[in-house]
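Coordinate inspection notes
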Amino acid sequence: MLCLIFGGMKNFQDHFLLDDNVNFLNFGSFGACPKEIFEEYQQIQLQLEREPVKFITDTGMKLLENARRNLANYVACDPDDVVFVTNPSYAMNTVIRSLQLKEGDEVLTTNLEYGAMDRTWNYYCRQKGAKYVRSKISLPIIDKETFIADFWRGYTERTKVLFVSHITSATGLILPVEEIVAEAKRRGLLTIVDGAHVPGHISLDLNQLDADIYTGACHKWMMAPKGASFLHVKREHQKWIDPLVISWGYQSDFPSHSQFLDYHQTNGTRDFSAFLTVPKCIAFMEEHNWTDVSKSCKKMNLQVADELRTKFNITPISPVNEEWLGQLFSIPIHTSDPQVLYSHLVNEFGIQIPVTRNEDHIFIRYSVQTFNTHQNYEMLMDALMVLQRRGQLDFMG
Ligand SMILES: Cc1ncc(COP(=O)(O)O)c(C=O)c1O
């Protein structure tokens, strides 16, 4: 495959395992793992299978400790406050199940949250008689101030917890979590941030953000193999969070210095190789100046978003700038059947791109990763033009 150059930057196409025949515009959902990281993953699995007992009880544990330290350094937190989990759903279930919500308590969030998270909150709130309050964010977002005002409109004296995405899923927006977390602290709320899309995408400093609880995925923008994510909990909150799976780490025979690690790291036999690739992911990003790579992707995102806006007379759902957009862009559309539209994009045009939904709004959300060229988006625009002509979609002007 040709290794293309844009803006003086290599685009690393040859580093990925992706199918050449697919116009891959959905890095956001599950990431994609570069070959050298995937090879490291397989090497670790081989090591595990060659001596499972030694690996699971000894070598692997040391590698896990090293991986946790590397991750902590990357996301700027204390290594004893972060633990690997398979995915953000796991992390959030762990936390919410243990949360002592009382009848009538409220959890304040936005109406832009990820469906799996809404479901998890609804499930536990129903059990506890608490209320999950989704503040309606007006679209298009005009600026940070109006967003924040919309958000706090859902606050009442019964609000006990704040939950918010750092980068939203269907709408692909970077939300002003720093301001929201700071205000929530002034109001004495427990702050929980869903940063699934954040690590490797925009810079993350957990110490500075100072949220009580934060979850992030390593298998999206950090490019780890699937099943590598983390849960970060500030020290003062660790004691009330029970393990989601009770196993040897609970009432441990050999407790470590941290109950938090014992509880959440030891949950039965499993393949934790994906966690162990995290140091390699970080080294890969450092070696290839990933901050600059990501910067060019963000630049291309804004450029393509502007082209789309002009070509299809779209009203974007936020200002088209780096305050709100990283490497994702959600195009607001009308369609009678999102599933049929998605299958046309994939099967007829060979474009892997999600058709996402947020309440009544439907979007086509593209990602920009280093291997994407402008031609990928020209193909998308051509396909959208054909589908519009056929009446299968329309744009929200
Ligand atoms: C905002 C957000 N939260 C959480 C998740 C992770 O969900 P899961 O636990 O299914 O990996 C995603 C996945 O895309 C997401 O976009």
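For the structure itself, consult the block above.
Residues numbered from 1 in each chain as written. Predicted model: local features only at pLDDT ≥ 70, side-chain atom pairs only at ≥ 80, totals over all residues. Heavy atoms only, no water.

**Brief notes about the overall build of the chain**
The helix and strand inventory of the chain stands at 14 helices and 15 strands. Taken over the C-alpha trace, the chain has a radius of gyration of 22 Å; the compact-globule value for 397 residues is 21 Å, and the two agree within 12%. Seen along its three principal axes, the alpha-carbon backbone of the chain occupies a region of about 65 × 55 × 35 Å. When the 397 residues of the chain are sorted by exposure, 55% land in the buried category. Entry remark: accessible area of the chain is about 17,400 Å², with carbon and sulfur atoms responsible for 50%. (Helix = DSSP H or I, 4+ residues; strand = E, 2+ residues; numbered from the N terminus. Rg over C-alpha atoms; globule rule 2.2 N^0.38 Å. Buried < 20%, exposed > 50% of the residue type's maximum accessible area, 1.4 Å probe, protein only. Areas by Shrake-Rupley, 256 points an atom, 1.4 Å probe, with all protein chains shown as cover.)

**Thoughts on the side chain of Glu106**
Locating Glu106 in the fold gives a position in strand β5 (residues 106-110). Those residues in contact with Glu106 that lie beyond four places of it in its chain are Lys131, Val133, Gly154, Thr156, Arg158, Thr159, Lys160 and Val161. (Contact = heavy atoms within 4.5 Å.)

**A look at unusual backbone geometry**
Across the chain, the bulk of peptide bonds are trans and the bulk of non-glycine residues have phi less than zero. With an omega of -5°, the peptide bond running from Leu139 to Pro140 counts as cis. Within the element layout of this structure, Pro140 appears in the loop between β6 (131-135) and α6 (144-152). Look at Ala76: it is not a glycine, yet its phi comes out positive at around 60°. Following the sequence through the fold, Ala76 ends up in the loop between α3 (52-75) and β4 (82-85).

**Re the nonpolar core**
Counting 101 residues, the largest nonpolar core has Leu308, Ile331, Leu345, Ile364, Tyr366 and Leu384 as its most contacted members. Here the element with the most residues in this core is helix α12 (residues 290-312); it accounts for nine residues. For Ile364, the residues in contact, after removing those within four places along its chain, are Phe329, Ser330, Ile331, Ile333, Leu341, Leu345, Ile353, Pro354, Val355, Leu384 and Leu393. Counting residues in each nonpolar core, the second largest holds 26 residues, with Met117, Leu190, Phe260 and Leu261 among its members. (Core = buried A, V, L, I, M, F, W, Y, C linked by side-chain atoms within 4.5 Å.)

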